Amino acid sequence: MTADTNRILERLAAGVEPVRPLATPWRRAAAWCGVSLAYVGAVAVTMSVRRDVISTLSDSGFVVEQMAALLTGVAAATAALATTIPGYSRKILLLPLLPLAVWLGNVGQSCVQDWMAIGPQNWAIAEHWPCLVVTIVAGALPSVAMVLMLRRGAPLTPGLTLALGGLAAGALGHFGSRLVHPLDASVVVLVWHIGTVLGLCLLARLAGRHFLTWRSLVQAAD
Amino acid sequence: MIDHGASNDRLAALMRAAQAGDAGAYVQLLQDVTARLRRIVGRQRQFLAAEDVEDLVQDILLSLHAARATYNPRRPFMPWLLAIVKNRLADGARRYARGPAREVHVEDLDVTFLAEMTNTVTEVGDPEALRQAIEALPAGQREAIEMLKLREMSLKEAAAASGTSVGALKVATHRAMAALRNKLTS
């Protein structure tokens, strides 16, 4: 058995090639965000940006929601990438919590206000499949890019890592879809936009152990 | 502490050189790390046999190699290594816990049989007659025989699978064995 270990050492040393150390999670998240935002912008332009986009910029609720979604995406991406670095402080996991709380709180507050303004009898959750489709399309490339970046790291916590990656991609998808979709009804945003993001997170979490494995990393390094 | 710091610096320097493609530095690093890993894994997994400890050490070495790009040259080496060790030990523990359920233990017999005793042919009877006799059993007894004797399930597993009690299974098995013995010897 020790002889086997010695053979492994010899094989690893004989095949060693220069590797470029991964950049810090912050830098990698910034690069991911740059590429993803360019794509989300292109999707928004292709699907036609909502006509009232200029006037919505004066709506503080909309601006806070969009900024919080964007910051949630960046923070979740940084945390996801950091979880693939052995020995990185776990405190980074707290990073997305604040923008996420602001984002959900903002939408939740709008829901409460709508509820009080129009009453429960008029508060129906209509079907808005286009919201879901636009969020998924806008989040597609960020998702793929995130998975590719995460696969270069160590699969220490695959489920958590991909859930954070899913949150990051979903938040940017939401950011893009709100630039396209003209509806500002809070319950629609809550159910169809944020529901899609959370669904994406859940799916990503379940897929974690299949996409991020030591076996695939070791095979790729061979 | 000073020794640990100096050792950590030396390992970090070796890892930086290895990341740059220096095979000699990589051999030194791996040899040093292997000795440490044997101590760490042996201490944390005292209940494991030596070959299982060595398997874990090899797993960790392969993981270290595969993840070497994740090492930040400006950070200390040991926390990075220990995070991988902790993760791989947890994976190993999960595998170890699952192992017995998936393994079939067989006698460690020689491939060839020199002793005359081992070459005697055992009377196995007529398998077709046995199959027919089992099929002719009442449903409850047949199910008990299939689960406990053919599929080698434990009494608990068989009771859970069939929804009956362990006692009922024992009785059904006893009656089934008696019926089979009668049928096959008559």
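Treat the numbers as computed from the prediction; the structure is a model and nothing was measured.

**Comments concerning the overall build of chain A**
So, step 1. On a plain count of helices and strands, chain A comes out with nine helices and zero strands.
So, step 2. Overall, chain A shows an N-to-C arrangement of helices and strands of α-α-α-α-α-α-α-α-α.
So, step 3. Dimensions of chain A along its principal axes, counting C-alpha atoms only, are 75 × 30 × 30 Å.
So, step 4. A total of 222 residues make up chain A; the buried ones form 42% of that total.

**Quick notes on the overall build of chain B**
So, step 1. Counting its regular elements, chain B contains eight helices and zero strands.
So, step 2. For chain B, the proportion of its 186 residues judged to be buried stands at 24%.
So, step 3. Sequence separation of at least 24 residues holds for 54% of the intrachain contacts in chain B that already meet a minimum separation of 6.

**Brief notes about the packing of helix 4 (residues 60-82) of chain A against helix 5 (residues 97-118) of chain A**
Residues and elements named next belong to chain A.
So, step 1. Following both chains from N to C, one finds helix 4 and helix 5 inclined at 150°, their axes separated by 8 Å at the closest point. Comparing the axis directions of helix 4 and helix 5 gives the class roughly antiparallel. Handedness of the crossing formed by helix 4 with helix 5: left-handed. Packed against helix 4, whose contacting residues are Gly61, Val64, Glu65, Ala68, Ala69, Leu71, Thr72 and Ala75, the element helix 5 presents Pro99, Leu100, Val102, Trp103, Asn106, Val107 and Ser110 at the interface.

**Looking at the interface of chain B and chain A**
So, step 1. Each partner contributes to the interface: chain B provides 31 residues, whereas chain A provides 28 residues.
So, step 2. Residue assignment for the side of chain B that touches chain A shows that the elements contributing at least two residues are helix 1 (2-19), helix 2 (23-44), helix 3 (50-66) and helix 4 (77-102) of chain B.
So, step 3. By residue number, the principal contributor to the side of chain B that touches chain A is helix 3 of chain B, which donates nine residues.
So, step 4. Its residues placed into classes, the side of chain B that touches chain A shows 18 nonpolar, ten polar and three charged.

**Looking at the environment of lysine 170 of chain B**
So, step 1. Looking at the secondary structure, you find lysine 170 of chain B in helix 8 (residues 166-185).
So, step 2. Taking the C-alpha atoms as reference points, lysine 170 of chain B and alanine 20 of chain B, 150 residues apart in sequence, are found 67 Å from one another.

**Topic: the confidence of the model for chain B**
All names here are of chain B.
So, step 1. Per-residue pLDDT for chain B averages 82, and the proportion of residues at 70 or more is 83%.
So, step 2. No element of chain B has a lower mean pLDDT than helix 7 (residues 155-162), at 77, and none a higher one than helix 2, at 92.
So, step 3. Interface confidence for the predicted complex, given as ipTM, is 0.82, next to a pTM of 0.72.

**Description of helix 8 of chain B**
Residues and elements named next belong to chain B.
So, step 1. Compared with an ideal rise of 1.5 Å per residue, which puts 20 residues at 28 Å, helix 8 spans 28 Å between its outermost C-alpha atoms and is within 8% of the ideal.
So, step 2. Those residues of helix 8 that sit buried are Leu169, Ala172 and Ala176. The buried residues of helix 8 occupy an angular sector of 65° when the element is viewed end-on, so they sit on one face. More than 90 degrees from the buried face of helix 8, the exposed residues found are Gly167, His174, Ala178, Arg181, Asn182 and Thr185.
So, step 3. On its buried face, helix 8 sits against helix 6 (139-150) and helix 7.

**Some thoughts on the nonpolar core**
So, step 1. The biggest cluster of nonpolar side chains holds 48 residues, and the ones touching the most others in it are Ala76, Ala77, Ala80, Met146, Leu167, Ala168 and Ala171 of chain A.
So, step 2. Apart from residues lying up to four places away in sequence, alanine 76 of chain A is in contact with Pro96, Leu164, Leu167, Ala168 and Ala171 of chain A.
So, step 3. One finds Leu9 of chain A together with Leu11, Leu56 and Trp80 of chain B within the second-largest nonpolar core, a separate group that totals 35 residues.

**Re the confidence of the model for chain A**
So, step 1. Looking at chain A, pLDDT values average 86 and 91% of them are 70 or higher.
So, step 2. No element of chain A has a lower mean pLDDT than helix 3 (residues 53-56) of chain A, which averages 78, and none a higher one than helix 2 (residues 25-46) of chain A, which averages 94.

The rules behind each value
Residues numbered from 1 in each chain as written. Chains lettered and ligands numbered in written order. Predicted model: local features only at pLDDT ≥ 70, side-chain atom pairs only at ≥ 80, totals over all residues. Helix = DSSP H or I, 4+ residues; strand = E, 2+ residues; numbered from the N terminus. Buried ≥ 20, exposed ≤ 12 C-beta atoms within 10 Å, placed from the backbone. Contact = placed C-beta atoms within 7 Å. Axes fitted to C-alpha atoms, helices over the stretch in contact; angles between N-to-C directions. Parallel < 35°, antiparallel > 145°, perpendicular 65-115°, else oblique. Left-handed = near helix turned anticlockwise from the far one by under 90°. Nonpolar A, V, L, I, M, F, W, Y, C, P; charged D, E, K, R; others polar. pLDDT = per-residue confidence, 0-100. Expected span 1.5 Å × (residues − 1). Arc of directions from axis to C-beta. Core = buried A, V, L, I, M, F, W, Y, C linked by C-beta atoms within 7 Å.

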